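Residue strings, one per chain:
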Amino acid sequence: MTRIPHWLAQHVAALRVVLVLTLLTGLAYPLAMVAAAQVPGLGGTSEVTGADGRPAGSSLIGQTFTDTKGNPVKKYFQSRPSNAGTGYDATASGAGNQGPESVVDTKDRPSLLTLVCGRSKAVGDLEGVDGSRPYCTDDGVGAVLGVFYDGGTSGRATRAVSLDQACPAKPFLASYKGLRVTCAKPGADYSHAVIVPVRGNAPADPVVPADAVTASGSGLDPHISPAYAKLQAQRIARERGASVTDVRKLIEKHTTGRALGVLGERGVNVVELNIALDRTYPKQGA
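This write-up is about the structure you can find in this document. What you see is a predicted model; the values in this text were computed from it and never measured. (Residues numbered from 1 in each chain as written. Predicted model: local features only at pLDDT ≥ 70, side-chain atom pairs only at ≥ 80, totals over all residues. Heavy atoms only, no water.)

Digging into a nonpolar patch on the surface
Applicable threshold: Patch definition: residues above 30% relative accessible area lacking any salt bridge, with like charges linked at up to 9 Å and the nonpolar side chains Val, Leu, Ile, Met, Phe, Trp and Tyr linked at up to 5 Å. All accessibility values rest on the Shrake-Rupley procedure with a 1.4 Å probe; residue burial counts only the protein chains present in the view. One side-chain nitrogen of Lys or Arg within 4 Å of one carboxyl oxygen of Asp or Glu is enough to make a salt bridge. Per the convention used, a helix needs a DSSP run of H or I reaching at least four residues, while a strand needs a run of E reaching at least two, with both numbered from the N terminus.
Among the surface-exposed residues, Ile 4, Trp 7, Leu 8 and Val 12 lie close enough to one another that they form a single nonpolar patch of about 370 Å² accessible area. Here Ile 4 shows up in the segment before helix 1 (6–37).

Shown next as structure tokens:
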């Protein structure tokens, strides 16, 4: 039996792979997505209707519940932060692209730490709870020192600056290693300082949940954690003229389980929950 040349066998194998992948990615996958889009809650059927009967967006895309100045509307549950455009913009889905090492503010952009600290303080003030968390100052910025040494990165400390507290703010720490801590001067170069985050006395398990101060990867996630929803229950009950027990029952009703029973965490769809609030308590919280 005559064997085909090795080079020809390789080309035949490559053509087979191209054919199989074309069928999978060019036919089977698109058909599967079209079929999935017909399932309620997964595709075009995600549109939700408000208490007034008008379209109120999608149950798959979050919304901001703020006034024209960006302040939270107190009668509504608040969503998590969003980095999608100006907030939950489906045409600009994206993350903030800042990581754990983003702790020092720049002229053009606050650090991730300062964003988290400021959001936590704001949520704490809104809900009447302790908004403090580790490595944050009382005024809601990163508790980060820039320490200068006579040996560059070692030796005797010669100067200490509170990097995220610009003058004339009062530094969160009076002294460090016997040095008086000063506030950061706008435009000054602190690139040669050793960065020292200061933990402070905040609880290791903050009252304000992590999802209340961080955005999702897409910036469009309509869910918050049950913990964040329950934190807002007392305010909602007060604004709506309802009991906290009834508000918590409404939260539980709109809480979804883990995907496939094991993936991710339980979540509360804020869009659907706020629509339910308007339907259940239409005359309160105007």
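Digging into the pairing of strand 3 (residues 144–149)
Counted only if it meets this: The buried label goes to any residue with under 20% of its type's maximum accessible area, the exposed label to any with over 50%, and the partly exposed label to all in between, with areas taken from a 1.4 Å probe on protein chains only. By definition, two strands form a pair when at least two bridges between them are found by DSSP.
Burial of strand 3 is extensive: six of the six residues sit out of reach of the surface. On strand 3, burial covers both faces: Val 144, Gly 146 and Phe 148 on one face and Leu 145, Val 147 and Tyr 149 on the other are all buried. Of the pairings in the sheet, the one linking strand 3 to strand 7 (residues 194–197) comprises four bridges and is antiparallel in character. Note on strand 7: the bridge partner recorded for Val 144 is Pro 197. Pairing of strand 3 with strand 4 (residues 157–166), which is carried by five bridges, proceeds in the antiparallel orientation. Following the sheet pairing, Phe 148 is matched in strand 4 by Arg 159.

Quick notes on the sheet that holds strand 4
Strand order in the open sheet formed by five strands is 5-6-4-3-7, and the pairing between neighbours is mixed. One side of each edge strand has no neighbouring strand; the edge strands of this open sheet are strand 5 (175–176) and strand 7. Pairing geometry for strand 5 and strand 6 (residues 179–184), over two bridges, is antiparallel. Along strand 6, the bridge assignment pairs Ser 175 with Arg 180.

Some details on the side chain of His 254
The condition is simple: Two residues qualify as a contact provided that any one of their heavy atoms is within 4.5 Å of a heavy atom in the partner residue.
Mapping His 254 onto the fold places it in the loop between helix 4 (244–253) and strand 9 (255–256). What makes His 254 buried here is its relative accessible area of 16%. Excluding its chain neighbours within four sequence positions, the residues that come into contact with His 254 are Gly 267, Val 268, Asn 269, Glu 272, Leu 273 and Ala 276.

Regarding the pairing of strand 4
For strand 4, a buried count of seven out of ten residues is recorded, marking the element as mostly surrounded by other parts of the structure. Pairing geometry for strand 4 and strand 6, over four bridges, is parallel. The residue of strand 6 that forms the bridge with Ala 160 is Val 181.

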